[in-house]
Amino acid sequence: MNSSFEELGLSKSVTDAMEALGWTEPTPIQREAVPAGLEGRDMYARAQTGTGKTGAYASVLLSRTKPGSRRPSALVMAPTRELASQVTEQVYRLSKYTGHRSAAIYGGASIDAQIRMLRRGADIVVGTPGRVRDMIDRGELDPSGVSELVLDEADRMLDMGFSEELDWILDRVPADRHTMLFSATASPGVRELAAGRMRDPVSISVSEGNGIPEGLSQYYISAPRGGKREILFALLEDMGHPKAIVFCGTKSMVDLLTEKLNGTCRVGSIHGDMPQARREKVMRSFRNGSFDLLVATDVAARGLDIDDVDCVVNYDMPPDPETYVHRIGRAARAGRAGTAVSLVTPNEVYRVENAEAASGSEIIRMPRPRAERPERKMKVVKEEPIVQHPEAKAAPAGPAAEASGMTVLEIGIGRAEGFGRSSVAEFVRANAGLGDGDVGRVGLGSSSSYVEVSIARAAEAVAAISRCRRGGRRVEVREAPRKPRYKDTDRGRAERGAA
Ligand code: AMP
């Protein structure tokens, strides 16, 4: 069945894992990058998230290195912890039959747990530049055995100021290594990195399709210029206050709208006039779920790496289709479902038509929320209930987790330690080596949280998490003694009860 992957030169242990993932044929980048990578050609590839680039280089790493070595033989550098953990997850899945062990090391998470992982032995290390440098510096990561090096999203690593760390690390990895560099853009910095750090790299570029994620539904609402704010409020209410980014055309509109939204929901804002430290703080809060709504300008939102945005609202419809496509691509990432809604004044309708023509996709007109069809329920992106933590207010009982093949673990980490729902899920995935499908809903409490994990992996997860330490203490974990209650959301939305 996987003959097309085998034709690229991949071994059966890798193609079988691809089959287990449901991959039936290579993506264009895999078709180009895998044969060149297997031959050991250095590579400079222009490819974005969603093209299958991770599968391309991960399958090369797994084919070209032997599992079970004392020192890591492959090092993957990625700009953010989110990307590093996504990559680790794919490597983990693709190594199902090869026996390679992988470890993710990134900032913002317990270094002790990561050190333990490295000490246990990892063939493939995936990490952010700062943490990788730190681990090498501490003598916990030995780079002298690295024969395969990947720079993923190289442009973003440079944008984020990691150039010095990259140089430092590259100087410590053997010079005769095989290097693969992936970048969404060909900025001068990236070109310089490719020219200076690789040997005669083969250059690969794949077309990115129309850039619209598959799971994204696009709508527009015809809105009078002075009526947008009410429409936005009603829309957000109607959708159950999803995790959303609202794009405005100007900084002053960002400020004004944020002020008006304050009090109706938990909202943060970023624009180019804010100091970088403040922007980063806002982004951290948005990422960890401290608020649901981010109001932003395009400039400030460049390089945002948030994967679980349900909805993008164009409060101001951008004039050019490229910006439209770029903005809405922030929802429905990583194969999730999502919604994009644009508020369009009557004389801006041509912008919708231009965006449709440029992207080859349909933007459906929807009625104004409430005003035209009070009974209408808009497509709710995240319909599934989320486990409610017992510390939260009472809510109607819901279905038991077991019905869906999941059980619930109670884990001694929570809001007080800076965790949000997604970082709790990430903690479980990273430390227990579980995939997306094995971790379900999360109920966040201040000092402990409930997390659904698949029954088949629960014992293993308990064992792995109980070995973790935070702040010098073991992380407590056990199967939840009683079933948690459910409600439709835990994101601080109004206590509306279950839908
Ligand atoms: P990436 O561009 O590496 O972030 O991958 C995007 C998504 O495509 C991931 O969820 C992969 O699991 C998936 N994927 C990668 N290669 C294939 C393939 N050949 N067939 C189907 N899905 C794939």
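Small disclaimer: the values here were computed from a predicted structure and weren't measured.

Conventions we followed
Residues numbered from 1 in each chain as written. Predicted model: local features only at pLDDT ≥ 70, side-chain atom pairs only at ≥ 80, totals over all residues. Heavy atoms only, no water. Helix = DSSP H or I, 4+ residues; strand = E, 2+ residues; numbered from the N terminus. Buried < 20%, exposed > 50% of the residue type's maximum accessible area, 1.4 Å probe, protein only. Near = heavy atom within 4 Å. Nonpolar A, V, L, I, M, F, W, Y, C, P; charged D, E, K, R; others polar. Expected span 1.5 Å × (residues − 1). Pairing = 2+ DSSP bridges. Axes fitted to C-alpha atoms, helices over the stretch in contact; angles between N-to-C directions. pLDDT = per-residue confidence, 0-100. Contact = heavy atoms within 4.5 Å. Lys, Arg positive; Asp, Glu negative; His and termini not counted. Salt bridge = Lys/Arg side-chain N within 4 Å of Asp/Glu carboxyl O. Core = buried A, V, L, I, M, F, W, Y, C linked by side-chain atoms within 4.5 Å. Phe/Tyr/Trp six-rings, centres within 6.5 Å; stacked < 30°, edge-to-face > 60°. Lys NZ or Arg CZ within 6 Å of the ring centre and 35° of its normal.

Quick word on the overall build of the chain
Next, step 1: Secondary structure assignment for the chain yields 18 helices and 22 strands.
Next, step 2: The burial tally for the chain puts 54% of its 499 residues in the buried class.

Focus on the site of the ligand
Next, step 1: Around the ligand sit 14 residues, and of these Glu25, Gln30, Gly50, Gly52 and Thr54 come closest.
Next, step 2: Of the residues assigned to the shell around the ligand, the class counts are three nonpolar, nine polar and two charged.

Section: helix α5 (residues 81–94)
Next, step 1: Taking 1.5 Å as the rise per residue, α5 with 14 residues should run 20 Å; its terminal C-alpha atoms sit 20 Å apart, in good agreement.
Next, step 2: Three or more residues of α5 are buried, namely Glu82, Leu83, Ala84, Ser85, Val87, Thr88, Glu89, Val91 and Leu94.

As for the sheet that holds strand β21 (residues 477–479)
Next, step 1: Across the sheet, four strands lie side by side as β17-β18-β16-β21; this open sheet has antiparallel pairing. Of all the strands in the sheet, just β17 (439–444) and β21 have a single pairing partner and so form its edges. The average angle at which neighbouring strand axes cross in this sheet is 25°, direction not considered.
Next, step 2: In this structure, strand β16 (residues 406–411) lies alongside strand β18 (residues 449–454), joined through six bridges in antiparallel fashion. Residue pairing across strands places methionine 406 opposite serine 454, the latter belonging to β18.

As for the confidence of the model for the chain
Next, step 1: Summing up the model confidence of the chain, the mean pLDDT is 82 and the portion of residues at 70 or higher is 85%.
Next, step 2: Within the model, pLDDT remains below 50 along residues 371–401, and this stretch shows 84 contacts once partners closer than five positions in the same chain are excluded.
Next, step 3: Across residues 483–499, confidence stays below pLDDT 50; counting only partners more than four residues off in sequence or on other chains, it has 58 contacts.

A closer look at the side chain of arginine 131
Next, step 1: Mapped onto the fold, arginine 131 is located in helix α7 (residues 129–137).
Next, step 2: Of the buried charged residues, arginine 131 lacks a salt bridge, with aspartate 134 as the closest side chain of opposite charge at 4.5 Å.
Next, step 3: For arginine 131, the contacting residues outside a window of four places in its chain are Ile105, Tyr106, Gly107, Gly108, Ala109, Ser110, Ile111 and Gln114.

Some words on the sheet that holds strand β1 (residues 43–46)
Next, step 1: Read from one edge of the open sheet, seven strands run β3-β4-β2-β5-β6-β1-β7, paired in parallel fashion. A strand with exactly one partner marks an edge of an open sheet, and here the two such strands are β3 (102–105) and β7 (202–205). Neighbour-to-neighbour, the strand axes of the sheet open up by a mean angle of 15°, direction not taken into account.
Next, step 2: By the bridge criterion, four bridges tie β3 to strand β4 (residues 124–127) in an arrangement that is parallel. Pairing of alanine 104 across the sheet is with valine 126, part of β4.
Next, step 3: Packed on one face of the sheet, helix α10 (residues 188–197) meets β1, β5 (148–151) and β6 (178–183) and runs near 170° to β6.

Examining the environment of glutamate 280
Next, step 1: Within the secondary structure, glutamate 280 sits in helix α13 (residues 276–287).
Next, step 2: Along the chain, glutamate 280 and isoleucine 270 lie ten residues apart, while their C-alpha atoms are 9.1 Å from each other.

Some words on the environment of arginine 330
Next, step 1: Considering the arrangement of structural elements, one finds arginine 330 in the loop between α15 (321–328) and β13 (338–344).
Next, step 2: According to the relative accessible area criterion, arginine 330 is buried, its value standing at 8%.
Next, step 3: Each C-alpha atom, one on arginine 330 and one on valine 312, is 7.1 Å from the other, the two residues being 18 residues apart in sequence.

Details of the nonpolar core
Next, step 1: In this structure, Ile29, Met43, Tyr57, Leu61, Met180 and Phe182 are the most contacted members of the largest nonpolar core, which totals 36 residues.
Next, step 2: Contributing elements (two or more residues each) for this core: α2 (12–20), α3 (28–38), β1, α4 (53–64), β2 (74–77), α5, β4 and β6.
Next, step 3: The element best represented in this core is α4, accounting for six residues.

Quick word on unusual backbone geometry
Next, step 1: Positive phi outside glycine occurs at aspartate 200, with the angle close to 40°.
Next, step 2: Here aspartate 200 lies in the loop between α10 and β7.
Next, step 3: The residue histidine 241 is not glycine, and still its phi comes out positive at about 50°.
Next, step 4: Topologically, histidine 241 is positioned in the loop between α11 (228–238) and β9 (244–247).
Next, step 5: Judged by its relative accessible area of 13%, histidine 241 is buried.

Side note on the packing of aromatic side chains
Next, step 1: Scanning all chains against the criterion turns up two aromatic pairs.
Next, step 2: Centre to centre, the rings of phenylalanine 286 and phenylalanine 291 are 5.7 Å apart; their planes meet at 20°, and the pair counts as stacked.
Next, step 3: The exposure class of phenylalanine 286 is buried, given its relative accessible area of 0%.
Next, step 4: The exposure class of phenylalanine 291 is buried, given its relative accessible area of 10%.
Next, step 5: The ring of tryptophan 168 is capped by arginine 172, whose NZ or CZ atom sits 3.7 Å from the centre of that ring.
Next, step 6: The aromatic ring of tyrosine 315 is capped on one face by lysine 228, whose charged end is 5.5 Å from the ring centroid.

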